[in-house]
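# Structural overview
Here is how the chains run, residue by residue.
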Amino acid sequence: AKSLGKMRYEFFQPKMAASQKAQLDLENVISHALEHDEFEVVFQPKIDIKGGKVAGFEALARLNSSKMGWVGPHEFIPAAEEKGLIDYITLLVCERSCAFINAMGEVPDDFKISINISPIQIADSRLFRELQSMISKAEVPYKHIEYEVTENSLIKNEEKSRRQLDIQRSLGFSTALDDFGVGYSSLGHLKRFSFCTLKIDRIFVDDVHHDGVSKVILKAIIEMANSLNMTVVAEGVETVDQLDTMLDLGIDHVQGYLFSKPLAAQVALDFLAHFAYP
Ligand code: C2E
Ligand code: CA
Ligand code: CA
Ligand code: CA
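Nothing here was measured: the structure is a model prediction, and the numbers come from that model.

Rules of the game
Residues numbered from 1 in each chain as written. Chains lettered and ligands numbered in written order. Predicted model: local features only at pLDDT ≥ 70, side-chain atom pairs only at ≥ 80, totals over all residues. Heavy atoms only, no water. Helix = DSSP H or I, 4+ residues; strand = E, 2+ residues; numbered from the N terminus. Rg over C-alpha atoms; globule rule 2.2 N^0.38 Å. Buried < 20%, exposed > 50% of the residue type's maximum accessible area, 1.4 Å probe, protein only. Pairing = 2+ DSSP bridges. Right-handed = clockwise from strand over helix to strand, strands pointing away. Donors = N, O, S within 2.8 Å, 3.2 Å for Na, K, Ca; no water. Polar contact = N/O pair within 3.5 Å; in protein donor to acceptor, adjacent residues only side chain to side chain. Contact = heavy atoms within 4.5 Å. Phe/Tyr/Trp six-rings, centres within 6.5 Å; stacked < 30°, edge-to-face > 60°. Lys NZ or Arg CZ within 6 Å of the ring centre and 35° of its normal. Near = heavy atom within 4 Å. Areas by Shrake-Rupley, 256 points an atom, 1.4 Å probe, with all protein chains shown as cover. Nonpolar A, V, L, I, M, F, W, Y, C, P; charged D, E, K, R; others polar.

## Things to note about the overall build of the protein chain
The helix and strand tally for the protein chain stands at 11 helices and 10 strands. Taking 278 residues into account, the globule formula puts the C-alpha radius of gyration at 19 Å, and the protein chain, at 20 Å, falls close to it. Summarising its shape, the C-alpha atoms of the protein chain cover approximately 65 × 45 × 35 Å along the three principal directions. Burial statistics for the protein chain: of 278 residues in total, 44% are counted as buried.

## Notes on the pairing of strand S5 (residues 145–150)
The element S5 is largely enclosed, with a buried count of 6 among its 6 residues. Taking every second residue as pointing to the same face, both faces of S5 are buried, with Ile145, Tyr147 and Val149 on one and Glu146, Glu148 and Thr150 on the other. Pairing of strand S4 (residues 112–116) with S5, which is carried by 4 bridges, proceeds in the parallel orientation. From the neighbouring strand, Ile113 faces S5, where its bridge partner is Ile145. Crossover handedness for the path S4 to helix H4 (residues 125–137) to S5: right-handed. Bridge count between S5 and strand S6 (residues 174–180): 5 bridges; the pairing is parallel. Bridge pairing in S6 places Glu146 opposite Ser174.

## What about the coordination of the calcium ion (ligand 3)?
At the metal site, the calcium ion (ligand 3) is ligated by Asp178 (OD), Asp179 (OD), Glu235 (OE) and Glu235 (OE), and these contacts range over 2.2 to 2.4 Å. Along the chain, the residues that donate to the calcium ion (ligand 3) are spaced as D-D-x55-E. Between the calcium ion (ligand 3) and the calcium ion (ligand 2), both coordinated by Asp178, there is a metal-metal distance of 3.8 Å. Of the residues examined, Asp178 reaches a relative accessible area of 6% and is grouped as buried. Using a relative accessible area of 26% as the deciding quantity, one classes Asp179 as partly exposed.

## Describing the side chain of Glu58
Along the chain, the position of Glu58 falls in strand S2 (residues 53–65). Within the local environment of Glu58, its side chain forms a polar contact with the side chain of Lys199, the two groups lying 2.9 Å apart. Reaching out from Glu58, the side chain makes a polar contact with the side chain of Gln255 at a distance of 2.7 Å. Apart from residues no more than four positions distant in its own chain, Glu58 is found in contact with Val42, Phe43, Gln44, Lys46, Ser114, Asn116, Glu148, Lys199, Glu235 and Gln255.

## Overview of the packing of aromatic side chains
This model, assessed by the stated rule, comprises 12 aromatic pairs. Ring geometry for Phe39 versus Phe76: centroids 5.4 Å apart, planes at 70°, classification edge-to-face. Note that Phe39 is positioned in strand S1 (residues 39–48) and Phe76 in helix H2 (residues 73–82), a separation of 37 residues in sequence. Phe39 gets classed as buried once you look at its relative accessible area, which sits at 2%. Taking the relative accessible area as the measure of exposure, Phe76 reaches 0% and is therefore buried. Through pairs of rings, three or more aromatic residues link up here, namely Phe43, Phe57, Phe100 and Phe111. In this structure, Arg162 is placed above the aromatic ring of Phe193, and the distance from its NZ or CZ to the ring centre is 5.2 Å. When the ring centre of Tyr257 is taken as origin, the NZ or CZ atom of Lys261, which lies over that ring, is 4.8 Å away.

## What to know about the site of ligand 1
Lining the immediate environment of ligand 1, one finds 21 residues, of which Gln44, Arg62, Ser118, Glu238 and Tyr257 sit closest. One nitrogen or oxygen atom from the side chain of Arg202 is found 3.3 Å from a nitrogen atom belonging to ligand 1. Tyr257 places a polar main-chain atom, nitrogen or oxygen, 2.8 Å from an oxygen atom of ligand 1. Within the complex, 85% of the 800 Å² of free accessible area of ligand 1 lies under protein. Those elements that provide at least two residues to the shell around ligand 1 are S2, H2 and S6. In terms of residue count, S2 provides more of the shell around ligand 1 than any other element does, 4 residues in total. Its residues placed into classes, the shell around ligand 1 shows 8 nonpolar, 6 polar and 7 charged.

Below, the structure is given as C-alpha coordinates:
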(Lines give C-alpha, C1' and ligand atoms only; values in the text may rest on other atoms or scores of the structure.)
(Ligands and ions follow the chains in the order given, each with its own letter.)
Protein backbone atom coordinates (compact mmCIF):
# COMPACT_ATOMS: atom_id res chain seq x y z
CA ALA A 1 0.00 0.00 0.00
CA LYS A 2 2.88 2.29 0.82
CA SER A 3 4.54 1.93 -2.56
CA LEU A 4 1.23 2.37 -4.31
CA GLY A 5 0.74 5.56 -2.41
CA LYS A 6 4.11 6.80 -3.47
CA MET A 7 3.59 5.81 -7.06
CA ARG A 8 0.30 7.58 -7.12
CA TYR A 9 1.87 10.67 -5.76
CA GLU A 10 4.66 10.70 -8.31
CA PHE A 11 2.37 9.79 -11.10
CA PHE A 12 -0.41 12.25 -10.50
CA GLN A 13 1.30 15.20 -8.90
CA PRO A 14 2.65 16.84 -12.06
CA LYS A 15 -0.56 16.26 -13.97
CA MET A 16 -2.69 17.74 -11.21
CA ALA A 17 -0.48 20.77 -11.03
CA ALA A 18 -0.81 21.27 -14.77
CA SER A 19 -4.59 21.02 -14.77
CA GLN A 20 -4.82 23.30 -11.74
CA LYS A 21 -2.72 25.82 -13.58
CA ALA A 22 -4.93 25.48 -16.65
CA GLN A 23 -7.99 26.10 -14.47
CA LEU A 24 -6.37 29.14 -12.97
CA ASP A 25 -5.42 30.45 -16.38
CA LEU A 26 -8.90 29.85 -17.71
CA GLU A 27 -10.36 31.76 -14.76
CA ASN A 28 -8.10 34.69 -15.60
CA VAL A 29 -8.93 34.40 -19.28
CA ILE A 30 -12.67 34.47 -18.54
CA SER A 31 -12.50 37.44 -16.16
CA HIS A 32 -10.29 39.30 -18.60
CA ALA A 33 -12.70 38.47 -21.43
CA LEU A 34 -15.68 39.72 -19.43
CA GLU A 35 -13.91 42.98 -18.66
CA HIS A 36 -12.71 43.50 -22.22
CA ASP A 37 -15.80 42.46 -24.13
CA GLU A 38 -14.25 39.36 -25.68
CA PHE A 39 -17.34 37.18 -25.42
CA GLU A 40 -19.61 36.98 -28.41
CA VAL A 41 -23.09 35.62 -28.79
CA VAL A 42 -24.11 33.69 -31.89
CA PHE A 43 -27.60 32.66 -32.95
CA GLN A 44 -28.62 29.35 -34.51
CA PRO A 45 -32.01 29.24 -36.23
CA LYS A 46 -34.71 26.78 -35.25
CA ILE A 47 -36.86 25.98 -38.26
CA ASP A 48 -40.58 25.30 -38.03
CA ILE A 49 -40.70 22.55 -40.65
CA LYS A 50 -44.49 22.40 -40.75
CA GLY A 51 -45.02 26.14 -40.98
CA GLY A 52 -41.97 26.68 -43.22
CA LYS A 53 -40.58 29.57 -41.21
CA VAL A 54 -37.93 30.47 -38.67
CA ALA A 55 -39.41 29.71 -35.25
CA GLY A 56 -36.60 31.41 -33.36
CA PHE A 57 -32.93 31.10 -32.51
CA GLU A 58 -30.80 29.54 -29.80
CA ALA A 59 -28.30 32.02 -28.38
CA LEU A 60 -24.86 30.47 -27.79
CA ALA A 61 -21.83 32.00 -26.12
CA ARG A 62 -18.46 32.25 -27.87
CA LEU A 63 -15.10 33.30 -26.46
CA ASN A 64 -12.52 34.95 -28.69
CA SER A 65 -9.82 35.52 -26.11
CA SER A 66 -6.94 37.91 -26.68
CA LYS A 67 -4.87 35.54 -24.51
CA MET A 68 -5.93 32.12 -25.81
CA GLY A 69 -7.67 32.63 -29.15
CA TRP A 70 -10.95 30.82 -29.70
CA VAL A 71 -12.08 28.79 -26.69
CA GLY A 72 -15.09 26.47 -27.04
CA PRO A 73 -18.07 26.50 -24.65
CA HIS A 74 -17.26 22.93 -23.58
CA GLU A 75 -14.12 24.42 -22.02
CA PHE A 76 -15.16 27.84 -20.75
CA ILE A 77 -18.69 27.01 -19.51
CA PRO A 78 -17.56 24.41 -16.91
CA ALA A 79 -14.73 26.73 -15.82
CA ALA A 80 -17.10 29.69 -15.54
CA GLU A 81 -19.50 27.56 -13.49
CA GLU A 82 -16.75 26.47 -11.18
CA LYS A 83 -15.32 29.96 -10.69
CA GLY A 84 -18.66 31.67 -10.12
CA LEU A 85 -18.52 33.59 -13.40
CA ILE A 86 -21.32 31.86 -15.29
CA ASP A 87 -24.00 34.41 -14.32
CA TYR A 88 -22.10 37.17 -16.09
CA ILE A 89 -22.05 35.10 -19.26
CA THR A 90 -25.77 34.32 -19.00
CA LEU A 91 -26.61 37.99 -18.48
CA LEU A 92 -24.48 38.90 -21.49
CA VAL A 93 -26.26 36.29 -23.61
CA CYS A 94 -29.58 37.68 -22.42
CA GLU A 95 -28.57 41.25 -23.20
CA ARG A 96 -27.57 40.34 -26.76
CA SER A 97 -30.74 38.29 -27.19
CA CYS A 98 -32.88 41.28 -26.24
CA ALA A 99 -30.89 43.47 -28.64
CA PHE A 100 -31.48 40.88 -31.36
CA ILE A 101 -35.24 40.92 -30.83
CA ASN A 102 -35.29 44.70 -30.75
CA ALA A 103 -33.35 44.80 -34.03
CA MET A 104 -35.96 42.60 -35.72
CA GLY A 105 -38.64 45.22 -36.10
CA GLU A 106 -41.71 43.08 -36.42
CA VAL A 107 -41.58 40.02 -34.17
CA PRO A 108 -44.04 37.17 -34.75
CA ASP A 109 -46.07 36.27 -31.66
CA ASP A 110 -44.56 32.82 -31.24
CA PHE A 111 -40.97 33.79 -32.10
CA LYS A 112 -38.49 32.79 -29.39
CA ILE A 113 -34.83 33.23 -28.57
CA SER A 114 -33.58 30.55 -26.21
CA ILE A 115 -30.97 31.04 -23.54
CA ASN A 116 -29.07 28.20 -21.86
CA ILE A 117 -29.29 27.99 -18.08
CA SER A 118 -26.60 25.94 -16.32
CA PRO A 119 -27.57 23.28 -13.77
CA ILE A 120 -26.07 25.35 -10.96
CA GLN A 121 -28.25 28.32 -11.95
CA ILE A 122 -31.62 26.68 -12.18
CA ALA A 123 -32.74 27.23 -8.61
CA ASP A 124 -31.17 30.70 -8.31
CA SER A 125 -34.08 33.11 -7.93
CA ARG A 126 -31.74 36.11 -7.79
CA LEU A 127 -30.33 35.38 -11.24
CA PHE A 128 -33.81 34.90 -12.70
CA ARG A 129 -34.92 38.22 -11.20
CA GLU A 130 -31.90 39.92 -12.79
CA LEU A 131 -32.71 38.38 -16.15
CA GLN A 132 -36.33 39.44 -15.82
CA SER A 133 -35.37 42.99 -14.96
CA MET A 134 -32.97 43.16 -17.92
CA ILE A 135 -35.63 41.86 -20.30
CA SER A 136 -38.20 44.31 -18.89
CA LYS A 137 -35.84 47.24 -19.30
CA ALA A 138 -35.21 46.21 -22.91
CA GLU A 139 -39.00 46.16 -23.35
CA VAL A 140 -38.93 42.66 -24.78
CA PRO A 141 -42.15 40.73 -24.13
CA TYR A 142 -41.39 37.70 -21.94
CA LYS A 143 -43.01 35.32 -24.39
CA HIS A 144 -40.08 35.84 -26.77
CA ILE A 145 -37.55 34.43 -24.30
CA GLU A 146 -37.12 30.73 -23.61
CA TYR A 147 -34.95 29.22 -20.87
CA GLU A 148 -33.27 25.92 -21.79
CA VAL A 149 -32.37 23.60 -18.93
CA THR A 150 -30.94 20.09 -19.00
CA GLU A 151 -32.40 17.12 -17.26
CA ASN A 152 -29.51 16.48 -14.88
CA SER A 153 -30.13 19.89 -13.35
CA LEU A 154 -33.65 18.80 -12.38
CA ILE A 155 -32.51 15.68 -10.60
CA LYS A 156 -30.25 17.42 -8.11
CA ASN A 157 -32.83 19.77 -6.80
CA GLU A 158 -36.19 18.70 -8.08
CA GLU A 159 -38.44 20.77 -5.80
CA LYS A 160 -36.55 24.05 -6.12
CA SER A 161 -36.07 23.63 -9.86
CA ARG A 162 -39.72 22.95 -10.38
CA ARG A 163 -40.73 25.97 -8.31
CA GLN A 164 -38.38 28.26 -10.24
CA LEU A 165 -39.52 26.94 -13.62
CA ASP A 166 -43.16 27.34 -12.57
CA ILE A 167 -42.51 30.95 -11.59
CA GLN A 168 -40.80 31.71 -14.88
CA ARG A 169 -43.61 30.13 -16.88
CA SER A 170 -46.29 31.96 -14.94
CA LEU A 171 -44.47 35.22 -15.74
CA GLY A 172 -44.82 34.36 -19.42
CA PHE A 173 -41.37 33.00 -20.20
CA SER A 174 -41.05 29.80 -22.18
CA THR A 175 -39.16 26.79 -20.78
CA ALA A 176 -37.39 24.01 -22.67
CA LEU A 177 -35.96 20.68 -21.61
CA ASP A 178 -32.61 20.43 -23.42
CA ASP A 179 -30.55 17.40 -24.54
CA PHE A 180 -33.38 14.91 -24.07
CA GLY A 181 -32.29 11.37 -24.88
CA VAL A 182 -28.93 11.49 -23.16
CA GLY A 183 -28.14 10.86 -19.53
CA TYR A 184 -31.04 10.49 -17.18
CA SER A 185 -33.85 10.82 -19.69
CA SER A 186 -37.12 10.13 -18.03
CA LEU A 187 -40.62 10.36 -19.37
CA GLY A 188 -41.69 11.16 -15.82
CA HIS A 189 -39.90 14.51 -16.03
CA LEU A 190 -41.96 15.43 -19.07
CA LYS A 191 -45.11 14.99 -17.06
CA ARG A 192 -43.99 16.44 -13.75
CA PHE A 193 -42.33 19.56 -15.14
CA SER A 194 -44.73 20.87 -17.82
CA PHE A 195 -42.08 22.29 -20.13
CA CYS A 196 -43.21 24.27 -23.17
CA THR A 197 -40.55 22.69 -25.40
CA LEU A 198 -38.71 19.39 -25.62
CA LYS A 199 -35.34 19.33 -27.37
CA ILE A 200 -34.29 15.91 -28.63
CA ASP A 201 -30.52 15.53 -28.46
CA ARG A 202 -28.39 15.15 -31.57
CA ILE A 203 -27.31 11.66 -30.49
CA PHE A 204 -30.91 10.49 -30.77
CA VAL A 205 -31.30 12.16 -34.15
CA ASP A 206 -28.18 10.31 -35.36
CA ASP A 207 -29.30 6.95 -33.98
CA VAL A 208 -32.81 7.02 -35.32
CA HIS A 209 -31.50 6.81 -38.82
CA HIS A 210 -29.98 3.37 -38.57
CA ASP A 211 -31.78 1.99 -35.54
CA GLY A 212 -35.38 0.85 -35.66
CA VAL A 213 -35.71 0.65 -31.88
CA SER A 214 -34.66 4.29 -31.45
CA LYS A 215 -37.30 5.28 -33.94
CA VAL A 216 -40.02 3.45 -32.03
CA ILE A 217 -38.90 5.06 -28.76
CA LEU A 218 -38.69 8.49 -30.34
CA LYS A 219 -42.16 8.03 -31.77
CA ALA A 220 -43.52 7.31 -28.29
CA ILE A 221 -41.70 10.32 -26.82
CA ILE A 222 -43.09 12.62 -29.49
CA GLU A 223 -46.59 11.29 -29.00
CA MET A 224 -46.35 11.91 -25.29
CA ALA A 225 -44.87 15.39 -25.79
CA ASN A 226 -47.63 16.26 -28.24
CA SER A 227 -50.31 15.08 -25.86
CA LEU A 228 -48.76 17.34 -23.22
CA ASN A 229 -48.87 20.24 -25.72
CA MET A 230 -45.11 20.56 -25.94
CA THR A 231 -43.26 21.78 -29.01
CA VAL A 232 -40.70 19.15 -30.06
CA VAL A 233 -37.35 20.28 -31.47
CA ALA A 234 -34.78 17.96 -33.06
CA GLU A 235 -31.20 19.09 -32.52
CA GLY A 236 -28.21 18.50 -34.78
CA VAL A 237 -30.05 17.80 -38.02
CA GLU A 238 -27.29 17.70 -40.63
CA THR A 239 -28.68 15.80 -43.60
CA VAL A 240 -31.77 15.79 -45.79
CA ASP A 241 -32.35 12.16 -44.78
CA GLN A 242 -32.49 13.15 -41.13
CA LEU A 243 -34.84 15.99 -41.97
CA ASP A 244 -37.14 13.58 -43.80
CA THR A 245 -37.16 11.24 -40.82
CA MET A 246 -38.03 14.15 -38.52
CA LEU A 247 -40.87 15.20 -40.83
CA ASP A 248 -42.03 11.61 -40.80
CA LEU A 249 -42.02 11.50 -37.01
CA GLY A 250 -44.00 14.72 -36.74
CA ILE A 251 -41.24 16.83 -35.15
CA ASP A 252 -42.21 20.52 -34.97
CA HIS A 253 -38.87 22.31 -35.24
CA VAL A 254 -35.38 21.35 -36.33
CA GLN A 255 -32.08 22.97 -35.48
CA GLY A 256 -28.83 21.95 -37.14
CA TYR A 257 -26.13 22.50 -39.70
CA LEU A 258 -28.45 21.45 -42.54
CA PHE A 259 -30.17 24.82 -42.23
CA SER A 260 -27.46 26.84 -40.55
CA LYS A 261 -24.59 26.94 -38.11
CA PRO A 262 -24.81 29.46 -35.28
CA LEU A 263 -24.44 32.94 -36.83
CA ALA A 264 -23.27 36.37 -35.72
CA ALA A 265 -26.27 38.58 -34.89
CA GLN A 266 -26.24 40.60 -38.11
CA VAL A 267 -25.86 37.47 -40.26
CA ALA A 268 -28.68 35.81 -38.32
CA LEU A 269 -30.92 38.84 -38.95
CA ASP A 270 -30.14 38.54 -42.67
CA PHE A 271 -30.87 34.80 -42.56
CA LEU A 272 -34.23 35.60 -41.01
CA ALA A 273 -35.04 38.26 -43.58
CA HIS A 274 -34.25 36.00 -46.55
CA PHE A 275 -35.40 32.61 -45.29
CA ALA A 276 -37.51 30.56 -47.68
CA TYR A 277 -38.64 26.96 -47.18
CA PRO A 278 -38.94 24.47 -48.69
P1 C2E B 1 -26.39 22.82 -26.50
O2 C2E B 1 -27.19 23.69 -25.60
O3 C2E B 1 -26.89 21.44 -26.73
O4 C2E B 1 -26.27 23.62 -27.88
C5 C2E B 1 -26.25 23.02 -29.15
C6 C2E B 1 -24.85 22.75 -29.62
O7 C2E B 1 -24.89 21.92 -30.77
C8 C2E B 1 -24.10 24.02 -30.04
O9 C2E B 1 -22.72 23.81 -29.73
C10 C2E B 1 -24.31 24.02 -31.55
O11 C2E B 1 -23.33 24.76 -32.25
C12 C2E B 1 -24.20 22.54 -31.84
N13 C2E B 1 -24.87 22.16 -33.07
C14 C2E B 1 -25.97 22.71 -33.63
N15 C2E B 1 -26.32 22.08 -34.76
C16 C2E B 1 -25.42 21.09 -34.94
C17 C2E B 1 -25.25 20.06 -35.96
O18 C2E B 1 -26.01 19.96 -36.91
N19 C2E B 1 -24.21 19.22 -35.79
C20 C2E B 1 -23.35 19.31 -34.75
N21 C2E B 1 -22.35 18.45 -34.69
N22 C2E B 1 -23.48 20.25 -33.77
C23 C2E B 1 -24.51 21.13 -33.87
P24 C2E B 1 -21.86 24.91 -28.98
O25 C2E B 1 -22.28 26.28 -29.38
O26 C2E B 1 -20.44 24.51 -29.16
O27 C2E B 1 -22.28 24.73 -27.48
C28 C2E B 1 -22.00 23.56 -26.77
C29 C2E B 1 -22.71 23.56 -25.44
O30 C2E B 1 -22.20 24.57 -24.59
C31 C2E B 1 -24.20 23.85 -25.55
O32 C2E B 1 -24.88 22.69 -25.94
C33 C2E B 1 -24.50 24.29 -24.14
O34 C2E B 1 -24.65 23.18 -23.31
C35 C2E B 1 -23.22 25.02 -23.77
N36 C2E B 1 -23.43 26.47 -23.92
C37 C2E B 1 -23.23 27.29 -24.97
N38 C2E B 1 -23.53 28.56 -24.66
C39 C2E B 1 -23.95 28.56 -23.38
C40 C2E B 1 -24.40 29.58 -22.46
O41 C2E B 1 -24.54 30.77 -22.77
N42 C2E B 1 -24.73 29.15 -21.19
C43 C2E B 1 -24.64 27.84 -20.81
N44 C2E B 1 -24.98 27.52 -19.56
N45 C2E B 1 -24.21 26.88 -21.64
C46 C2E B 1 -23.87 27.23 -22.91
CA1 CA C 1 -29.24 24.34 -25.48
CA1 CA D 1 -28.99 20.69 -26.65
CA1 CA E 1 -25.42 19.64 -25.11
